[in-house]
Amino acid sequence: MQRYAIYYMPAEHTPLWRFGSSVLGFDAATFTDVDYPDHPLFRDPESLGYTAAPRRYGFHATLKAPFRLAEGRDAGDLERRLEDFAAAQEAFDITLKLATLRDFVALVASDPTPRLDRLAEACVRDFDAFRAPLTPEDRERRHPERLTPRQLENLDRWGYPFVFDDFRFHMTLTGSLTLDDQIRLGPVLDELFQTIAPTIAIDAVALFVQGEAEGRFRVRARFPFRDAG
């Protein structure tokens, strides 16, 4: 059964989209493999393992985590609601930096982002009616034994533990890394990212879809905000 997700993604023509897609080796907009960055580390076959996990999802930041459609809902309904939702939003800018979160590398906001936090909260709440309840298998994949009581409550209520006070905007670039690999890969990613302007526009939401279990996600549609230039 297909799964859908509401993500932030940069526009396809932007250097940030090209950077993120190249690091992952996959462009979710064209649903094709793409060349890795032109750096010796990414010519090492081992680099495929660094990005295998996030490659499935494409370059993005989660606003509403992957879900199956609720009974009586269809993708057309979801797209129409997203179009209306986006038309009511105003674009704004944030500044990114590279960071290590737990054991993976991601781009995160360099300063507090209350507008972004409110956008993510609205996505979680406004689109929950489209979400089918978690299956026991889905719930178990979130490792409930590792969650705080609040995160566990969020998982059971909203289908995802890292929402509201536990939300942190991030655009994942690697899977889990050993400390040695973090030391090896982090500076390279930072060097590559330095060629890109760190201030970006949050000017759209995107609908991604996963066609089959364990398959890759692709961009189904991107919905610009009302004043997106």
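Check the entry above for the structure.
Residues numbered from 1 in each chain as written. Predicted model: local features only at pLDDT ≥ 70, side-chain atom pairs only at ≥ 80, totals over all residues. Heavy atoms only, no water.

Undergrad: Explain unusual backbone geometry to me, please; I cannot follow it from the model alone.
TA: Residues apart from glycine generally show negative phi values, whereas peptide bonds are mostly found in trans. Located in the positive-phi region is Phe 31, a residue other than glycine, with phi close to 55°. With respect to the helices and strands, the residue Phe 31 is situated in the loop between β2 (26–27) and β3 (32–33). Residues other than glycine seldom take positive phi values, yet Phe 164 does so here, at roughly 55°. As for its position among the elements, Phe 164 is in the loop between α7 (149–158) and β7 (170–172). Accessibility expressed as a relative area gives 24% for Phe 164, which makes it partly exposed. (Helix = DSSP H or I, 4+ residues; strand = E, 2+ residues; numbered from the N terminus. Buried < 20%, exposed > 50% of the residue type's maximum accessible area, 1.4 Å probe, protein only.)

Undergrad: Looking at this structure, I do not really get the packing of helix α1 (residues 15–24) against helix α8 (residues 179–193). What am I missing?
TA: Each packed pair of helices is defined by two parameters, the angle between the axes and the distance between the axes. One can describe the packing of α1 onto α8 by two numbers: an axis separation of 11 Å at closest approach and a directional angle of 155°. The pairing of α1 with α8 is recorded here as roughly antiparallel in orientation. As α1 packs across α8, the resulting crossing turns out to be right-handed. Residues Leu 16, Phe 19 and Val 23 of α1 pack against Leu 189, Leu 192 and Phe 193 of α8. Split into classes, the residues belonging to the contact of α1 with α8 amount to six nonpolar, no polar and no charged. (Axes fitted to C-alpha atoms, helices over the stretch in contact; angles between N-to-C directions. Parallel < 35°, antiparallel > 145°, perpendicular 65-115°, else oblique. Left-handed = near helix turned anticlockwise from the far one by under 90°. Contact = heavy atoms within 4.5 Å. Nonpolar A, V, L, I, M, F, W, Y, C, P; charged D, E, K, R; others polar.)

Undergrad: How should the pairing of strand β4 (residues 61–67) be read in this particular structure?
TA: Every regular strand shows the same layout, with side chains that alternate between the two sheet faces. For β4, the tally of buried residues reaches seven of seven residues, placing the bulk of the element in the interior. Looking at chain direction, strand β1 (residues 3–8) and β4 are connected through four bridges and run antiparallel. Counterpart to Tyr 8 in the pairing with β4 is Ala 61. (Pairing = 2+ DSSP bridges.)

Undergrad: Is there a simple way to think about the side chain of Asp 128 in this case?
TA: Inspection of the secondary structure assignment puts Asp 128 in the loop between α5 (114–126) and α6 (136–141). Polar side-chain contacts of Asp 128 include one of 2.7 Å to the side chain of Arg 131. Those residues in contact with Asp 128, other than ones at most four positions away along the chain, are Lys 64, Arg 157 and Trp 158. (Polar contact = N/O pair within 3.5 Å; in protein donor to acceptor, adjacent residues only side chain to side chain.)

Undergrad: Sorry if this is basic, but what is going on with the packing of aromatic side chains here?
TA: Aromatic rings considered in pairs are described by the distance between their centres and by the relative angle of their planes. Here the structure, examined in full by the defined rule, presents 12 aromatic pairs. Aromatic side chains Phe 26 and Phe 31 sit 5.7 Å apart centroid to centroid with 75° between the ring planes, which places their arrangement in the edge-to-face category. A relative accessible area of 1% means that Phe 26 is categorised as buried. Residue Phe 31 is classed as partly exposed on the basis of its relative accessible area, which comes to 42%. Every member of this aromatic cluster is reached through a ring pair, and the members are Tyr 7, Tyr 57, Phe 208 and Phe 217. Directly above the aromatic system of Phe 127 lies the positively charged group of Arg 81, at a separation of 5.5 Å from the ring centroid. A cation over a ring is seen here: Arg 157 above Trp 158, with NZ or CZ 3.8 Å from the ring centre. (Phe/Tyr/Trp six-rings, centres within 6.5 Å; stacked < 30°, edge-to-face > 60°. Lys NZ or Arg CZ within 6 Å of the ring centre and 35° of its normal.)

Undergrad: Would you take a moment to explain the nonpolar core for this structure?
TA: Counting residues in hydrophobic clusters, the biggest one holds 62 residues, and the most contacted among them are Leu 107, Phe 169, Ile 202 and Val 205. Beyond its immediate stretch of four places on either side in the chain, Leu 107 contacts Leu 16, Phe 19, Phe 59, Leu 96, Lys 97, Leu 98, Phe 169, His 170, Met 171, Leu 173 and Phe 193. (Core = buried A, V, L, I, M, F, W, Y, C linked by side-chain atoms within 4.5 Å.)

Undergrad: Explanation requested: α5 in the structure shown.
TA: A turn of α-helix holds 3.6 residues, and therefore any two residues three or four places apart point the same way. The end-to-end C-alpha separation of α5 is 18 Å, in line with the 18 Å expected for 13 residues at 1.5 Å each. For α5, the set of buried residues is Leu 116, Leu 119, Ala 120, Cys 123 and Val 124. Viewed along the axis of α5, the buried residues span an arc of 135°, placing them on a single side of the element. (Expected span 1.5 Å × (residues − 1). Arc of directions from axis to C-beta.)

Undergrad: What exactly am I supposed to notice about the pairing of strand β10 (residues 217–224) here?
TA: Where strand β9 (residues 204–210) lies against β10, seven bridges are found, and the strand directions are antiparallel. Residue pairing for β10: Leu 207 is matched across the bridge by Ala 221. Hairpin remark: β9 followed by β10, antiparallel, with six residues in the connecting loop; positive phi at Glu 214, about 70°.

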